[in-house]
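Structure assessment
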Protein chains: 2
Amino acid sequence: MSLIVQKFGGSSVANAERVMNVARIVTETSKAGNDVVVVVSAQGDTTDDLIEKAAEINKKPSKREMDMLLSAGEQISIALLAMAVEKLGFPVCSLLGWQAGFQTNSGHGSARIKKVTGERIRQELAKKNIVIVAGFQGINKYDDITTLGRGGSDTSAVAIAAALHADRCQIFTDVEGVYTADPRKVKSAVKLSEITYDEMLELATLGAQVLNNRSVEMAKKYGVVLEVLSSMVRSPGTIVKEKTKMEKMLIRGVTKDTNCARISVIGVPNVPGIAYKIFGRLAAKNVNVDIILQSVGRNDTKDITFTTSADQVDQTVEALNEIDFLEGIKIEVDDKNVAKISAVGAGMETHPGVAAKMFEALFEADINIQMISTSEIKISVLIDKADADKAVEAVHNAFIPEIG
Amino acid sequence: MSLIVQKFGGSSVANAERVMNVARIVTETSKAGNDVVVVVSAQGDTTDDLIEKAAEINKKPSKREMDMLLSAGEQISIALLAMAVEKLGFPVCSLLGWQAGFQTNSGHGSARIKKVTGERIRQELAKKNIVIVAGFQGINKYDDITTLGRGGSDTSAVAIAAALHADRCQIFTDVEGVYTADPRKVKSAVKLSEITYDEMLELATLGAQVLNNRSVEMAKKYGVVLEVLSSMVRSPGTIVKEKTKMEKMLIRGVTKDTNCARISVIGVPNVPGIAYKIFGRLAAKNVNVDIILQSVGRNDTKDITFTTSADQVDQTVEALNEIDFLEGIKIEVDDKNVAKISAVGAGMETHPGVAAKMFEALFEADINIQMISTSEIKISVLIDKADADKAVEAVHNAFIPEIG
């Protein structure tokens, strides 16, 4: 008998029919002889509806009261799912974050989990109940309700799995697993049976949008075996764990990120400390800089170009304008026409030539590379946004046929 | 400086505009130098919407999960009201039932309050916060959420007022106070400035529908001074307390109850124990019997007639049919054409002749009395439903002009 944690997102419980579907998955897992703890998010648009209600009253409510408001969403969904499980004739008990023992810091709106006591969960499992826990929420040391921020329910599920030493943490989504590329765009994309935590982290950061990054980091830290799978189609998903069979596969996936901007600072004085001062200021303003390129300009000046996410452009330019020595210096912004294509795979650590093969594929597809960035398990290039889908397909097909 | 508890029902916080209106009342009370604890119900139709969501999934959900579901309604309304108070620039803190220390028994759906610790409420008041508490909810000894059942928010407010020794508990409704008769029907109806707990209890039972009975009983037990007033019109309401100035007023109010039925058992054997057997069986079936009349029938038989609420007719007839010696005996039911008119007033205890005056008024209005029942502070008569409004006006006008 195993202990399985199953997490379902808001779209999986959006209406009565889908709630019943989730109840069937959960009860089948229980019937197969497993202890089951279920984590659910708020139904479909509930959170957005609540945010709108708040905005009608106060555009800038305190984060504490916002957490009080939003956490009602998961309360509704756990009760409804519990009723669906009752309907199927299985013993069940729903628990709020505080009842399940989710202790967080006081960072309302994006609280960090300090501890999951899980005492009550264990008691209910011992009573043979299916336990349904509200995701996304906890309490701080003052007994105030906190929420974990975006993707918080994934993190809740992993935290429970870690606290209870679960055999597996299944994250149900609207896709069947992690693919080598977006299957809606790349026909030859294949579902991965396994992927490492590090690869998953790179893919998540790069916009694969399957798993929340914090939850993968936590799974890695506590060695929780994750499985990403579909709540609609019953088939094995993708297992995320520390080590995977390497086979002949050099890369695990190719992703596209169109939410990026290229910013160039043209002709800064060629003196020491310039990069430090620019990127220090950007860091102080919480701007996440990705690829950085520095080139020699004319007349003993330098050009510094970097990328950031498109929605951070305003605060980036604002930060740059505050730097004394950049006064009067030209800043070019392109947040409309660029895209970042990345190939990710732990295999490239031990196999040279991956970058070359990627560049060759792009060259043959007649795609110009603007910037390049590499890490141990990732190669990213910035290209013209119009070429993005073509680039993903070209890179994907250069590597992925090697799988079989 | 006083401590005031203010309770607002669901219609008072039904939309953003009304929430802001409540926030203004609350903050004005605070600005006048009072400590303020506010109890709110779920917004308008929220509870009904949640019940409907549940019914789509499971027609007979467990009461525990129903409480989990419904208590989300007050969570939403306390957060929104807190945001409205923040908007007006006042310090505020919302608290759920368990945070405020509402300990109840485990009677999910209609739990009884065992204790209100109120520790957190006191802490927040000490910090000069306006405290907003979710009505209708608490937790049992297992830390499961419970709800108090119908009118539960009134009871929550009175329980807090009792626990904190509040100077007053104001119940805001959509009427301006307690009237001597329904002001929409009886033009000469006047608002009472004061009324006793006992009178209020009789009026509430009789369908005045201003205050929930359990809350009045609790207020009486703990000596909490209540005030019933309007959330829309700013004027003093009706004070409910132990003793009131008697003045010349013999009765406090005249009410009409059209949700009643007259049931007659015709020609039962005239032997001892008949009444005991009939009404014992009805009590066992939870039928609330009000007026009882027994008369001699033909051939050494008796006729027994009694009243009950119209919605209990089916279970009443069912119970009667189970009694052996009533087999073949005629049972007449009239749940369409009768109404009960009652006059209530502590004054009648010490003033004889009230009943006579009431009967005289009905006689002069040409209204036939079918049954009569009296208690220390109440006289009820059963009449033809078609005469009900005329009867209320006649009785009201016979007594109420004495006020001035």
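Since the model is a prediction, treat every value here as computed from it, not as a measurement. (Residues numbered from 1 in each chain as written. Chains lettered and ligands numbered in written order. Predicted model: local features only at pLDDT ≥ 70, side-chain atom pairs only at ≥ 80, totals over all residues.)

Turning next to the overall build of chain A. Each helix and strand counted, chain A has 12 helices and 20 strands in total. In terms of C-alpha radius of gyration, chain A reaches 24 Å, essentially the compact-globule figure of 22 Å for 404 residues. With respect to the principal axes defined by its C-alpha atoms, chain A has extents near 80 × 55 × 30 Å. The buried share among the 404 residues of chain A stands at 51%. Put simply, of all contacts in chain A between residues at least 6 apart along the chain, 74% involve residues at least 24 apart. (Helix = DSSP H or I, 4+ residues; strand = E, 2+ residues; numbered from the N terminus. Rg over C-alpha atoms; globule rule 2.2 N^0.38 Å. Buried ≥ 20, exposed ≤ 12 C-beta atoms within 10 Å, placed from the backbone. Contact = placed C-beta atoms within 7 Å.)

All names here are of chain A. One open sheet holds the 8 strands; their spatial order is S3-S6-S2-S1-S9-S11-S12-S10, and the pairing between them is mixed. Whereas interior strands pair on both sides, the edge strands pair on one side only; in this sheet they are strand S3 (92-95) and strand S10 (194-196). Averaged over all adjacent pairs, the angle separating strand axes in this sheet is 20°, with direction ignored. Here strand S2 (residues 35-40) pairs with strand S6 (residues 130-134) via 4 bridges, running parallel. Within the sheet, the bridge partner assigned to Val37 lies in S6 and is Val131. On top of the sheet, helix H5 (residues 119-126) reaches S2, S3 and S6; it is set at about 155° to S6, its chief contact. (Pairing = 2+ DSSP bridges. Axes fitted to C-alpha atoms, helices over the stretch in contact; angles between N-to-C directions.)

Attention now moves to the relation of the copies chain A and chain B. Structural alignment of chain A on chain B gives an RMSD of 0.3 Å, achieved by rotating through 180° and translating 0.2 Å along the axis. Such a combination of rotation and displacement between the chain copies is what one expects of a two-fold axis. Measuring from the rotation axis to each C-alpha of chain A, the shortest distance belongs to A:Ala72, at 2.7 Å. A shared binding surface is used by both copies, with 100% of the interface residues of chain A retained as interface residues in chain B. (Least-squares fit on C-alpha atoms with pLDDT ≥ 70 in both.)

Backbone-to-backbone hydrogen bonds join strands into a sheet, with any given pair of strands oriented parallel or antiparallel. All names here are of chain B. Overall, antiparallel pairing links the 4 strands, which are arranged S13-S18-S20-S19 in an open sheet. Strand pairing shows two members of the sheet lacking a second neighbour, strand S13 (253-257) and strand S19 (371-375), which therefore form its edges. Averaged over all neighbouring strand pairs, the angle between strand axes comes to 20°, with direction disregarded. With respect to the sheet, helix H12 (residues 388-399) is in contact with S13, strand S18 (338-344) and strand S20 (378-384), its orientation differing from that of S18 by roughly 15°.

Residue and element names in this part refer to chain B. With respect to the secondary-structure elements, Asp182 resides in the loop between strand S9 (168-173) and strand S10 (194-196). Looking at Asp182, the number of C-beta atoms within 10 Å reads 19, which means it is partly exposed. Separated by 74 residues in the primary sequence, Asp182 and Lys256 place their C-alpha atoms 8.7 Å from one another.

Contact with chain A, which involves 28 residues of that partner, is made by 28 residues of chain B. The element contributing the most residues to the side of chain A that touches chain B is helix H3 (residues 63-87) of chain A, with 14 residues. In terms of residue class, the side of chain A that touches chain B is made up of 17 nonpolar, 5 polar and 6 charged. (Nonpolar A, V, L, I, M, F, W, Y, C, P; charged D, E, K, R; others polar.)

Looking now at helix H1 (residues 16-31) of chain B. Residues and elements named next belong to chain B. An ideal rise of 1.5 Å per residue puts 22 Å on 16 residues; H1 measures up with 22 Å between its terminal C-alpha atoms. Along H1, the positions that sit buried rather than exposed are Val19, Met20, Val22, Ala23, Ile25, Val26 and Ser30. The first or second residue beyond H1 is Gly33, which carries a positive phi of 100°. (Expected span 1.5 Å × (residues − 1).)

Residue and element names in this part refer to chain A. In contact at an axis separation of 9 Å, helix H2 (residues 46-57) and H3 are set at 150° when each is read in the N-to-C sense. The orientation of H2 with respect to H3, classified from their angle, is roughly antiparallel. Every pair of crossing elements has a handedness; the one defined by H2 and H3 is right-handed. When H2 is examined against H3, the residues Thr46, Thr47, Leu50 and Ala54 are found in contact with a partner set consisting of Met66, Leu69, Leu70, Ala72, Gly73 and Ile76. For the contact of H2 with H3, a count of residues per class yields 7 nonpolar, 3 polar and no charged. (Parallel < 35°, antiparallel > 145°, perpendicular 65-115°, else oblique. Left-handed = near helix turned anticlockwise from the far one by under 90°.)

Turning our eyes to something else, we now look at the nonpolar core. Within the largest apolar cluster, 248 residues are counted, with the highest numbers of intra-cluster contacts made by A:Leu81 and B:Leu81. If sequence neighbours within four positions are ignored, B:Leu81 has contacts with B:Val13, B:Val19, B:Val22, B:Ala23, B:Val38, B:Val40 and B:Ile132. (Core = buried A, V, L, I, M, F, W, Y, C linked by C-beta atoms within 7 Å.)

Next up on the list: the pairing of S13(B). Within a regular strand, the side chains alternate between the two sheet faces. Residue and element names in this part refer to chain B. Judged by how many residues are buried, S13 sits mostly within the fold: 5 of 5 residues are covered. The alternating pattern of S13 places Gly253, Thr255 and Asp257 and Val254 and Lys256 on opposite faces, both of which are buried. The pairing of S13 with S18 spans 5 bridges and is antiparallel. Note that in S18 the partner of Asp257 across the bridge is Lys340.

Among the residues of helix H1 (residues 16-31) of chain A, A:Arg18, A:Val19, A:Met20, A:Val22, A:Ala23, A:Ile25, A:Val26 and A:Ser30 are the ones counted as buried. Those residues of H1(A) that are buried are in contact with strand S1 (3-8), S2, H3 and S6 of chain A together with helix H2 (46-57) of chain B.

This next bit is on the packing of H1(B) against helix H3 (residues 63-87) of chain B. Residues and elements named next belong to chain B. Two elements in contact, H1 and H3, have axes whose closest approach is 9 Å; the angle formed by their N-to-C orientations is 60°. Taken together, the axes of H1 and H3 are oblique relative to one another. Both H1 and H3 take part in a crossing whose hand is right-handed. Residues Val19, Met20, Val22, Ala23, Val26 and Thr27 of H1 form the contact with H3, whose own contacting residues are Leu80, Leu81, Ala84 and Val85. Of the residues in the contact of H1 with H3, the class split is 9 nonpolar, 1 polar and no charged.

This part takes up unusual backbone geometry. Here A:Asp366, not a glycine, exhibits a phi torsion of approximately 65°, which is positive. Classification of A:Asp366 by C-beta neighbours within 10 Å gives exposed; the count is 9. Within the chain, B:Lys128 stands out as a residue other than glycine whose phi angle is a positive 70°. Mapped onto the elements of the fold, B:Lys128 is located in the loop between helix H5 (119-126) and strand S6 (130-134).

All names here are of chain B. Relative to the elements of secondary structure, Ala157 occurs in helix H6 (residues 152-163). With 32 C-beta atoms packed within 10 Å, Ala157 lands in the buried category. Separated by 69 residues in the primary sequence, Ala157 and Leu226 have C-alpha atoms spaced 9.9 Å apart. In contact with Ala157, other than residues within four places in its own chain, are Val5, Lys7, Val39, Gly135, Cys169 and Ile171.

With that settled, the discussion passes to the confidence of the model for chain A. Per-residue confidence for chain A gives a mean pLDDT of 91; residues scoring 70 or more make up 97%. Both scores are given for the predicted complex: the pTM is 0.84, the ipTM 0.84. (pLDDT = per-residue confidence, 0-100.)

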